[in-house]
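Descriptive analysis of the structure
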Amino acid sequence: MSTQNLSANSITRNPEADWDWWLSLSPQTKFSLMITCQDSNDENYGALIKEYGTDVKGICPVYHNNDLYNDKNGYIRKFLNDAILKIERFSPLQCRFDYMRMGMILGEKSSFSLDDIDIESLAYLPNLSYLGLGSFDLKSNLPTGLAKLKNLSELSLDSFQCREEDIEENIKILSSIFAELPNLKILWMGYSVFRSYFQENEVALEKFKALNPNCEVKC
């Protein structure tokens, strides 16, 4: 789905476009956004429970029922408008364990890797200024769609890891993304594979910093 019809400076929203965007997301992305908004406001969770109740496992069914994810006439649409579309900080890695635990409780297979998150589609969120990414498995490369998130001011790659043979490729991807994020003020390397790489390659680090000189790179 195109993200160019909405920017951070939008004054009015298109409810149908918002709903189409929501429908286009993967279940893992929807789950992570809902959990993030629930955790930031207990009233959100209470409203979801009031609308959808809980199942025999004590889990709000909207979190694992795709029909309820897409309940256009239910509370989920209000939740989308009142909370999800206003989200400012998002770290899908923190939601992975809730998703996997829910699957175990329900006796369902639960896939949740970096490739399951619709990174590029997050550009539709006009207030998103912070994104935290880690690698959920070593086979995932850094998503090139990050370059679409022009409003980001902070990007954390704190726990991103990859296979040794993929390090150079991920450095190239990161360099390309880094140069395309003009509003980025802080890039956190944390304990990622990038931190290890740049700590051993100071010349490479200086060249990397020059790609976006207004951003502080924290190794």
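Just so it is clear, the structure is predicted and the values come from calculations on it, not from any experiment.

Attention now moves to the overall build of the chain. When its secondary structure is counted, the chain shows 9 helices and 5 strands. What you see in the chain, going N to C, is helices and strands ordered as α-α-α-α-α-β-α-β-β-α-β-α-α-β. Scaling as 2.2 N^0.38, a compact globule of 219 residues should have a C-alpha radius of gyration of about 17 Å, and the chain matches this with 18 Å. With the principal axes as the frame, the chain shows a C-alpha extent of 55 × 45 × 25 Å. When burial is assessed residue by residue, the chain has 47% of its 219 residues classed as buried. For the chain, the exposed surface amounts to about 11300 Å²; the carbon and sulfur share of it is 46%. Counting 22 positive and 31 negative side-chain charges, the chain places the averaged centre of each group 2 Å from the other.

Let us look at the pattern of salt bridges. For the structure shown, the criterion picks out 9 salt bridges. For Asp-98, the salt bridge identified is with Arg-101, shortest N-O distance 2.7 Å. One end of the pair is Asp-98 and the other is Arg-101, both in helix α6 (residues 93–106) and 3 residues apart, which spans about a single turn. In this structure Asp-98 comes out as partly exposed when scored by relative accessible area, which is 24%. A salt bridge links Glu-216 to Lys-218, with the shortest nitrogen-to-oxygen separation between them at 2.9 Å. What makes Glu-216 partly exposed here is its relative accessible area of 41%. Because the salt bridges share partners, they merge into one network encompassing Glu-16, Lys-72 and Arg-77.

Pairing is parallel across the open sheet formed by 5 strands, whose spatial order is β1-β2-β3-β4-β5. Either end of the sheet is taken by a strand with one partner, and the two such strands are β1 (89–90) and β5 (216–218). Summarising the sheet, strand β2 (residues 130–134) and strand β3 (residues 154–159) pair through 4 bridges and their orientation is parallel. If you follow Gly-134 over to β3, its bridge partner there is Ser-159.

Considering the arrangement of structural elements, one finds Lys-30 in helix α2 (residues 27–40). Comment: no salt bridge for buried Lys-30; closest opposite-charge side chain is Asp-118, at 8.1 Å. In this structure Lys-30 touches Trp-22, Leu-23, Leu-25, Asn-66, Tyr-69 and Asn-70, once residues within four positions along its chain are discounted.

All chains considered together, the criterion is met by 9 aromatic pairs. Taken together, a centroid distance of 6.2 Å and an interplanar angle of 25° make the contact between Tyr-75 and Phe-79 stacked. Of this pair, Tyr-75 and Phe-79 both sit in helix α5 (residues 75–82), separated by 4 residues, roughly a single helical turn. Since its relative accessible area comes to 14%, Tyr-75 is described here as buried. Phe-79 sits in the buried class, given a relative accessible area of 0%. The interplanar angle of 15° and the centroid separation of 4.3 Å between the aromatic rings of Phe-178 and Phe-208 together place this pair among those described as stacked.

Quick notes on the rules
Residues numbered from 1 in each chain as written. Predicted model: local features only at pLDDT ≥ 70, side-chain atom pairs only at ≥ 80, totals over all residues. Heavy atoms only, no water. Helix = DSSP H or I, 4+ residues; strand = E, 2+ residues; numbered from the N terminus. Rg over C-alpha atoms; globule rule 2.2 N^0.38 Å. Buried < 20%, exposed > 50% of the residue type's maximum accessible area, 1.4 Å probe, protein only. Areas by Shrake-Rupley, 256 points an atom, 1.4 Å probe, with all protein chains shown as cover. Lys, Arg positive; Asp, Glu negative; His and termini not counted. Charge placed at Lys NZ, Arg CZ, Asp CG, Glu CD. Salt bridge = Lys/Arg side-chain N within 4 Å of Asp/Glu carboxyl O. Pairing = 2+ DSSP bridges. Contact = heavy atoms within 4.5 Å. Phe/Tyr/Trp six-rings, centres within 6.5 Å; stacked < 30°, edge-to-face > 60°.

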